[in-house]
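# Examination of the molecular architecture
Residues per chain are reported as follows:
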Amino acid sequence: MGVFTNYLERLGSNFLVSAMIPSLALVVACILVFDPILNIAVAFIDPKGTPQLVSFSVIVFIFTVIIGFTLTALNTYILKLFEGYVPFFPFGALFARRRNAHLQKARSLLEERDRLKNWILQLENNAHIVGQKLNVEDLLVQYYKAVSDYDLAYPKDLSDVLPTRFGNTLKAAENYPGERYGFDGVHFWPRLVQVIPGEYKSNIDNVRNELSFLVNMSILSMLFCAFCMLAIVHSMWTSPGAGTDPSVFFEFMGKAGRYFLAAFGGFYLCRFFYNASIFSVGSFGLVIRSAFDLFRLDLLKKLGLEQPVNSIKEFETWQSLNELIVLGSHSLTFTKLDYRKEE
């Protein structure tokens, strides 16, 4: 019962931070900006309008909760959208262009990395020449930086490159355990999370909440911008002759000017929160990588397997376990796994 209560408390906290606050911000912004259309201020002016004010507060609460639960339910879809897996109409061509741009950048980083590597090997083969050792040390620093920059920004396989920085950063983190230890991080994460200590799991939740908050704020800012566009169209519809009569045009601009400014602000906030989410997903990726580094051997123990005696044996063990879990009887290279004796 206590575990269930703790889970509900954690769910409530996560929901409040990542979904409720962004949805409340959207509702309040719509109330303030679209009051000329919605006529909400009347409820605050009329001294006899207390029931109306209470009803209005209930409606605000209901809309906030509905939007919040919608964001929570669509969290995976929204993240996939940010990663670039969902090139929805009419942005398919733009996604393709962005992926080509990231492919080009990834290739450039790989070429720089390989160029430094070959240069270092050439200098090491001529180590007898005076001054070459110093040059090698300088190049090693540049090489390690180039390797690290690529490892954090892009997946190892160029075919996995995605159209967004957000997606490539997360994809690189997903591929990390496969490159280091020989197993698929996506398939093993639901198992690994069962052996992660509560304190570290709370740290993961906090970083995930920060990421979800920024992503939701970016999505809702763009939604607010779309609402402003609709309000501009509404203002044009209610101002016939704005294109021919100067007086009507200025009246239209007086009504629609606030919506133009609000739309610009919404677009700016969308970009701002998206850029912030890129830094946040980098932190999230590092936390996930660290979880695999710290607790993967605990997972082997939980699965009842013998602890490997060295890194080579560990890689072979994870490869076999990965074949067993991901492919099962369809594996072509599976080798037996030795289970540890009961303690």
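Residues numbered from 1 in each chain as written. Predicted model: local features only at pLDDT ≥ 70, side-chain atom pairs only at ≥ 80, totals over all residues. Heavy atoms only, no water.

### Topic: the overall build of the protein
For clarity, the threshold we go by: In this text, helices come from DSSP runs of H or I with a minimum length of four residues, and strands from runs of E with a minimum of two, each type numbered from the N-terminal end. Every residue pair with non-hydrogen atoms within 4.5 Å of one another is taken to be in contact. The Shrake-Rupley method, run with a 1.4 Å probe sphere, supplies the accessible areas, and residue values consider only the shown protein chains as cover.
Within the protein, the regular secondary structure consists of 12 helices and 0 strands. When the helices and strands of the protein are listed from N to C terminus, the series reads α-α-α-α-α-α-α-α-α-α-α-α. Sequence separation of at least 24 residues holds for 71% of the intrachain contacts in the protein that already meet a minimum separation of 6. For the protein, the accessible surface area stands at approximately 21000 Å², while carbon and sulfur atoms represent 65% of it.

### A few points about the packing of helix α9 (residues 185-192) against helix α12 (residues 311-327)
Axes are the key here: two packed helices are described by the angle between their axes and the distance separating the axes. This is how it is decided: Only the stretch in contact is used when fitting a helix axis, every axis being a line fitted to C-alpha atoms; angles between N-to-C directions are given from 0 to 180 degrees. Roughly parallel covers angles under 35 degrees, roughly antiparallel covers those over 145, roughly perpendicular covers 65 to 115, and oblique covers all other angles. In this classification, the charged set is Asp, Glu, Lys and Arg, the nonpolar set is Ala, Val, Leu, Ile, Met, Phe, Trp, Tyr, Cys and Pro, and all remaining amino acids, among them Gly, are polar.
One can describe the packing of α9 onto α12 by two numbers: an axis separation of 11 Å at closest approach and a directional angle of 90°. Taken together, α9 and α12 sit at an angle that is classed as roughly perpendicular. Taking contact as the criterion, the partners of H187, F188 and R191 in α9 are, on α12, W318, L321, N322, I325 and V326. When the residues that make up the contact of α9 with α12 are grouped by side-chain class, the tally is 5 nonpolar, 2 polar and 1 charged.

### What to know about the packing of aromatic side chains
Put simply, the rule reads: Here is the rule: rings of Phe, Tyr and Trp (six-membered ring for Trp) pair when centre to centre is within 6.5 Å. Planes less than 30 degrees apart are stacked, more than 60 are edge-to-face, and the remainder are tilted. Here the term buried applies to any residue with accessible area under 20% of the maximum for its type, exposed to any over 50%, and partly exposed to those in between, with areas from a 1.4 Å probe on protein chains only. A ring is considered to have a charge above it if a Lys NZ or an Arg CZ atom is located within 6 Å of its centre and within 35 degrees of its normal.
Tallying each qualifying case throughout the model produces 15 aromatic pairs. Between Y150 and Y154, the aromatic rings sit 5.9 Å apart at their centres with planes inclined by 35°, giving tilted as the arrangement. For the pair Y150 and Y154, one class covers both residues: buried. An aromatic cluster is built from Y176, Y181, F183, F188, W189, F292 and W318, whose rings are joined through pairwise contacts. Here the basic side chain of R113 rests over the ring of Y150, its NZ or CZ set 5.8 Å away from the ring centre.

### What to know about the pattern of salt bridges
The test is simple: Each salt bridge in this description consists of a side-chain nitrogen of Lys or Arg and a carboxyl oxygen of Asp or Glu lying within 4 Å of one another.
Enumeration over the complete set of coordinates arrives at 10 salt bridges. Across the pair E179 and R180 runs a salt bridge, and its minimum N-O distance is 3.4 Å. Put simply, E314 and R296 hold a salt bridge, and the shortest N to O gap is 2.3 Å. Taken together, the residues E314 in helix α12 and R296 in helix α11 (residues 246-302) connect sequence positions 18 residues apart. Summarising the burial analysis for this pair, E314 and R296 share the class buried. Each of D151, E179, R180 and R289 takes part in one network of salt bridges that share partners.

### What to know about the confidence of the model for the protein
For the record, the criterion: Summary of the metric used: pLDDT quantifies the predictor's per-residue confidence within the range 0 to 100.
Overall, the predicted model of the protein reaches an average pLDDT of 84, with 84% of residues at or above 70. Element-level mean pLDDT values for the protein span from 62 in helix α3 (residues 42-45) up to 93 in helix α8 (residues 165-180). Overall, residues 1-12 carries pLDDT values under 50, and its contacts beyond four positions in sequence, including any with other chains, amount to 1 contact.

### Comments concerning the state of the cysteines
Selection rule: Two cysteine sulfurs form a disulfide in these notes if their separation is within 2.5 Å.
For the coordinates displayed, the defined rule picks out 0 disulfides. A disulfide-free cysteine, C30 has its sulfur positioned 7.6 Å from the sulfur of C228, the nearest such atom.

### Notes on the packing of helix α5 (residues 75-83) against α8
Closest axis-to-axis distance for the α5/α8 pair is 7 Å, and the angle between their directions is 105°. Comparing the axis directions of α5 and α8 gives the class roughly perpendicular. Touching L79, F82 and E83 of α5 are F166, G167, L170 and E174, all from α8. Class assignment of the residues belonging to the contact of α5 with α8 gives a composition of 4 nonpolar, 1 polar and 2 charged.

### A word on the side chain of N209
Looking at the element boundaries, N209 is found in helix α10 (residues 198-237). Those residues in contact with N209 that lie beyond four places of it in its chain are N14, V17 and S18.

### Structural notes on the nonpolar core
In plain terms, the rule: The criterion is simple. A nonpolar core is a set of buried Ala, Val, Leu, Ile, Met, Phe, Trp, Tyr and Cys residues joined through side-chain atoms within 4.5 Å.
Formed by 54 residues in total, the largest nonpolar core has its most connected members in F34, L192, I204, F224 and W318. Mapped onto this core, the elements with two or more residues apiece are α1 (2-33), α4 (50-73), α5, α8, α9, α10, α11 and α12. Of all the elements, α11 adds the most residues to this core, at 13 residues. Apart from the residues within four sequence positions on either side, W318 is in contact with Y181, G182, F183, F188, R296, L299 and L300.

### Focus on a nonpolar patch on the surface
Worth spelling out the cut-off: Only residues whose relative accessible area exceeds 30% and that form no salt bridge enter a patch; like-charged residues are grouped when within 9 Å of one another, and nonpolar side chains (Val, Leu, Ile, Met, Phe, Trp, Tyr) when within 5 Å.
A cluster of nonpolar side chains, V54, V58, F61, I62 and I66, forms an exposed patch at the surface whose accessible area comes to about 470 Å². Taking relative accessible area as the criterion, I66 reaches 49% and is therefore assigned partly exposed.

### What about α12?
Structurally, the α-helix is built with 3.6 residues per turn, so residues lying three or four positions apart point the same way. Operational definition: Each helix should span, by expectation, one fewer than its residue count multiplied by 1.5 Å. Nitrogen and oxygen atoms within 3.5 Å of one another constitute a polar contact, given that in protein one can donate a hydrogen and the other can accept it, and given that sequence-neighbouring residues count only through two side-chain atoms.
In a regular helix each residue adds 1.5 Å, so 17 residues correspond to 24 Å; α12 covers 23 Å between its end C-alpha atoms and thus fits that length. Residues E314, T317, W318, S320, L321, N322 and E323 constitute the buried set of α12. The opening residue of α12, the one whose side-chain oxygen lies 3.1 Å from the backbone nitrogen of I312, is N310. Positive backbone phi, approximately 60°, marks G328, located one or two places after α12.

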